[in-house]
Amino acid sequence: MATATDWITNMRLRHKITSINIILIAIALSIFGCIIQYSEFKQSLNLQISYALKENALLLTSIDYSFKDFKSRDYSKIVENTVNAAADASYDNISNDFISIVISSGDFVYSNDNTITDSNYTHQDISALTASLKPGDTQYRICKNKFNNAYYIYVATSFSNDDIAIVTMHDISSIYTKLFHSVIYLNIAMAIVLIICSMLMIYVGRRLTKPIDELDSLTDRIISGSYDVKIGDISDDEIGQLAEKFNIMSKAVLDRINALNLSIHQREMFIGAFTHEIKTPMTSIIGYAQTLLSRELSKEQQQMALNYIYSESKRLEALSMRLLELLSIKEDDLVMENISTYALATDVKSSVSPALIQKRITLIFNVDNANISCNPDLIKTVLINLLDNARKASFEDSEIEFSGKDDPDNYTFIVTDYGIGMSE
């Protein structure tokens, strides 16, 4: 069964960023809102407590002043003075909604609001408050009256040394109502702020994770075989550095793939080249061998033919090794020699002559003599290939021109045939 940790781990990065930020914002708003609400509620409650104590003290002062010349306890006088004090215009500083109660020996003897004080719930709350009240003490408590579901501050003060207590009730339901409304408004405000923050976080998350999404998409393209990929618009942050490294990695992979493809292509070309190149010396060898077999030659001509067969065989051996080396050859690996172009061309002419004679093709030889720096085996192979290709494309009893031109900047070998030609 998946846990909350697994669920968070499997979320997309942008969703993690949004969720974590929204949770942190919600926690911060809740803590801040609770602190503000508690502070305001506590301030209002302390003010109401102070006001209730003031009401009780003023009422008690009025009653006590009225009885300063009396030695006996006359409850009717106490009630009368309590009523007068509650209604006296000199106490305009006291709110009109407070309830004054006179208690003697635990019994209610007066109340200016019998609707409330006749309730058993009110009797229970006041009895609990006055049970431990000592002469001259003043105590208060906050209770929710179950009769009308209102909140009151009960303030009780013992009257002189008698068993009479003066109790005032002050309705403070308004601050609890205000607290309730504040909680509702805070929740609404938090919901609005969280919605706005969620939209902003989603936008920011998409912006932040856009390079990662591109990385994911480009990775899929690489998996499918498209290696020429690159991320654009790279930033300077950590994600931008990751994207830059991805571009470097992608280029390295592409270079490696190209190198492998080149290696494969070189091997394919080698097979074709080896097949093609080996025919050239074989043509000369076969031509001289046929001459030896089909004609009566002098000893000197036989010796020359055998020498050519031997030299072409050695060249075939060298050519095979050279073709193998071409797979991994570098420019520095080439062995360069200074040779005569005329001697090189004459050697090439001797190699291809038997094949040309067999097809009754005349070779027009016109080569300027010069010294060049080259690899003799490779140059000779190129020239023999060109002449052999010209032979194959030429008709019988035709001509092939083999020339060499020495220019100030380079030396040019030219092979010209008058055969079937080739497409552009």
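Parameters at a glance
- Residue indices follow the written sequence of each chain, beginning from 1 at its first position.
- Per-residue local features of the predicted model are confined to residues with pLDDT of at least 70, and side-chain atom pairs are confined, for both listing and counting, to 80 or more; whole-chain, interface and lining totals are unaffected and use all residues.
- Each side-chain value is worked out from all heavy atoms of the structure, with water and hydrogens disregarded.
- Put simply, DSSP marks the helices as runs of H or I at least four residues long and the strands as runs of E at least two long, and each gets a number from the N terminus on.
- Buried means the residue's accessible area, taken with a 1.4 Å probe over protein chains only, is under 20% of the maximum for its type, while exposed means over 50%, and partly exposed covers the values in between.
- Two residues qualify as a contact provided that any one of their heavy atoms is within 4.5 Å of a heavy atom in the partner residue.
- Note on areas: Shrake-Rupley with a 1.4 Å probe; residue coverage comes only from the protein chains shown.
- Any two of the Phe, Tyr and Trp rings considered here, Trp counted by its six-membered ring, make a pair once their centres fall within 6.5 Å; the pair's planes then place it as stacked at under 30 degrees, edge-to-face at over 60, or tilted in between.
- Sitting over a ring, as applied to charges here, requires NZ of Lys or CZ of Arg to be within 6 Å of the ring centre and within 35 degrees of the ring normal.
- Here a cavity means grid points, on a 1 Å grid over the protein atoms only, where a 1.4 Å probe fits yet cannot get out; a pocket means an open set of points with protein on both sides within 12 Å along at least five of seven lines; lining residues are those with an atom within 4 Å of a point.
- Grid points are joined across faces, edges and corners, and a volume is the space filled by probe spheres set on the points.
- Gly counts as polar in this scheme, as do all residues outside two lists: the nonpolar Ala, Val, Leu, Ile, Met, Phe, Trp, Tyr, Cys and Pro, and the charged Asp, Glu, Lys and Arg.
- Patches draw on residues past 30% relative accessible area with no salt bridge. Two like charges within 9 Å are joined, as are two nonpolar side chains (Val, Leu, Ile, Met, Phe, Trp, Tyr) within 5 Å.
- Put simply, a salt bridge is a Lys or Arg side-chain nitrogen that is within 4 Å of an Asp or Glu carboxyl oxygen.
- By the counting scheme adopted, Arg and Lys are positive, Glu and Asp are negative, and His together with the chain ends is not counted.
- In plain terms, the charge of a residue is placed at NZ if it is Lys, CZ if Arg, CG if Asp and CD if Glu.
- Axes, fitted as lines to C-alpha atoms, cover a helix only where it is in contact. Angles between the N-to-C directions of the axes lie from 0 to 180 degrees.
- Handedness of a helix crossing follows the sense of rotation of the near helix relative to the far helix, less than a right angle counterclockwise being left-handed and clockwise being right-handed.
- Paired strands, in this sense, are two strands between which DSSP finds at least two bridges.
- What a helix is expected to span follows from its residue count: subtract one and scale by 1.5 Å.

Asks: Report on the overall build of the protein chain, specifying residues and quantitative values.
Replies: Regarding its fold elements, the protein chain presents 10 helices and 10 strands. Counting over 424 residues, the protein chain shows a buried share of 33%. Taking the intrachain contacts of the protein chain between residues at least 6 apart in sequence as the baseline, contacts between residues at least 24 apart amount to 65%. Surface exposure of the protein chain reaches about 26700 Å², of which carbon and sulfur atoms provide 56%.

Asks: Residues and numbers for the packing of aromatic side chains, please.
Replies: Applying the stated criterion across every chain, the model contains 7 aromatic pairs. Ring centres of Phe41 and Tyr176 lie 5.2 Å apart, and the angle between their planes is 70°; this geometry places the pair in the edge-to-face category. Of this pair, Phe41 sits in helix H2 (residues 13-66) while Tyr176 sits in helix H6 (residues 173-223), and the two are 135 residues apart along the sequence. For Phe41, a relative accessible area of 16% translates into the label buried. Using a relative accessible area of 21% as the deciding quantity, one classes Tyr176 as partly exposed. Among the aromatic side chains, those forming a connected cluster through ring pairs are Tyr342, Phe365, Phe402, Tyr411 and Phe413. Directly above the ring of Phe365 sits Lys349, whose terminal nitrogen or CZ lies 5.0 Å from the centroid.

Asks: Kindly report on the layout of surface pockets, identifying the contributing residues and their values.
Replies: Looking at the largest pocket, its volume works out to about 390 Å³. Lining the largest pocket are 16 residues, and of these Tyr288, Thr291, Arg295, Pro354 and Ile357 sit closest to its centre. Counting only elements with at least two residues in the lining of the largest pocket, the list comes to helix H7 (238-294), helix H8 (299-326) and helix H9 (341-358). The residue inventory of the lining of the largest pocket, partitioned by class, reads 7 nonpolar, 8 polar and 1 charged.

Asks: With reference to specific residues and values, describe a nonpolar patch on the surface.
Replies: Together, Phe180, Ile184, Tyr185, Ile188, Ile192, Ile196 and Leu200 make up an exposed nonpolar region whose accessible area comes to about 710 Å². As for its position among the elements, Ile188 is in helix H6.

Asks: Give me a negative patch on the surface: which residues, what numbers.
Replies: On the surface, a cluster of negative charge is contributed by Asp368, Asp406, Asp407 and Asp409. By the element assignment, Asp406 lies in strand E9 (residues 399-406). Since its relative accessible area comes to 42%, Asp406 is described here as partly exposed.

Asks: Explain the packing of H9 against helix H10 (residues 376-393) to me, using residue names and the numbers behind them.
Replies: Put simply, H9 and H10 touch, their axes get as near as 10 Å, and they point 35° apart. The hand of the H9/H10 crossing is right-handed. Judged by residue contacts, Leu344, Asp347, Val348, Ser351, Val352, Ala355 and Leu356 of H9 engage Pro376, Ile379, Lys380, Leu383, Ile384, Leu387 and Arg391 from H10. Grouping the constituent residues of the contact of H9 with H10 by class yields 10 nonpolar, 1 polar and 3 charged.

Asks: Please give an account of empty space enclosed by the protein that cites residues and values.
Replies: Throughout the structure, instances matching the rule amount to 1 cavity of 30 Å³ or more. The volume enclosed by the largest cavity comes to roughly 90 Å³. Lining the largest cavity are Gln37, Glu40, Phe41, Ser44, Ile175, Lys178, Leu179 and Ser182. Of all the elements in the fold, those that place two or more residues in the lining of the largest cavity are H2 and H6.

Asks: Give me the lowdown on the sheet that holds E9, citing residues and values where you can.
Replies: One open sheet accounts for 3 strands, arranged E7-E9-E10; its pairing is mixed. On the outer flanks of this sheet lie strand E7 (362-367) and strand E10 (411-417), each paired with one strand and no other. In this sheet, adjacent strand axes meet at a mean angle of 10° when their direction is disregarded. In this sheet, E10 lies alongside E9 in antiparallel orientation, the contact comprising 7 bridges. From the neighbouring strand, Asp406 faces E10, where its bridge partner is Tyr411. On the sheet, H9 packs against E7, E9 and E10 and is oriented at approximately 180° with respect to E7. Sheet strands in contact with H10 are E7, E9 and E10, and its direction is about 15° off that of E10.

Asks: Help me get a handle on unusual backbone geometry, residues and values and all.
Replies: The phi torsion at Arg360 lies on the positive side, around 55°, for a residue other than glycine. In this structure, Arg360 sits in the loop between H9 and E7. The backbone of Asp397 shows a phi angle near 60°, a positive value even though the residue is not glycine. Residue position: Asp397 is located in the loop between H10 and E9. Overall, the relative accessible area of 56% leaves Asp397 in the exposed class.

Asks: Outline H10, listing residues and values.
Replies: Along its 18 residues, H10 runs 26 Å from first to last C-alpha, staying within 8% of the 26 Å computed at 1.5 Å per residue. Of the residues making up H10, those classed as buried are Pro376, Lys380, Thr381, Leu383, Ile384, Asn385, Leu387, Asp388, Ala390, Arg391 and Ala393.

Asks: Mind laying out the pattern of salt bridges, listing which residues take part and the relevant values?
Replies: Once their charged atoms are close, side chains differing in charge can pair, the charge on each being opposite to the other. Applying the stated criterion to the full structure yields 5 salt bridges. Here Glu396 makes a salt bridge to Arg360, at a shortest N to O gap of 2.7 Å. In this pair, Glu396 is assigned in the loop between H10 and E9 and Arg360 in the loop between H9 and E7, connecting sequence segments 36 residues apart. Overall, the relative accessible area of 45% leaves Arg360 in the partly exposed class. A salt bridge links Asp388 to Lys392; the shortest N-O distance between them is 3.5 Å. Highlighted residues: Asp388 and Lys392, both in helix H10, separated by 4 residues, approximately one helical turn. You can call Asp388 buried: its relative accessible area is 6%. Its relative accessible area of 40% is what places Lys392 among the partly exposed residues. Salt bridges sharing partners connect three or more residues here, namely Arg360, Glu396 and Asp397.

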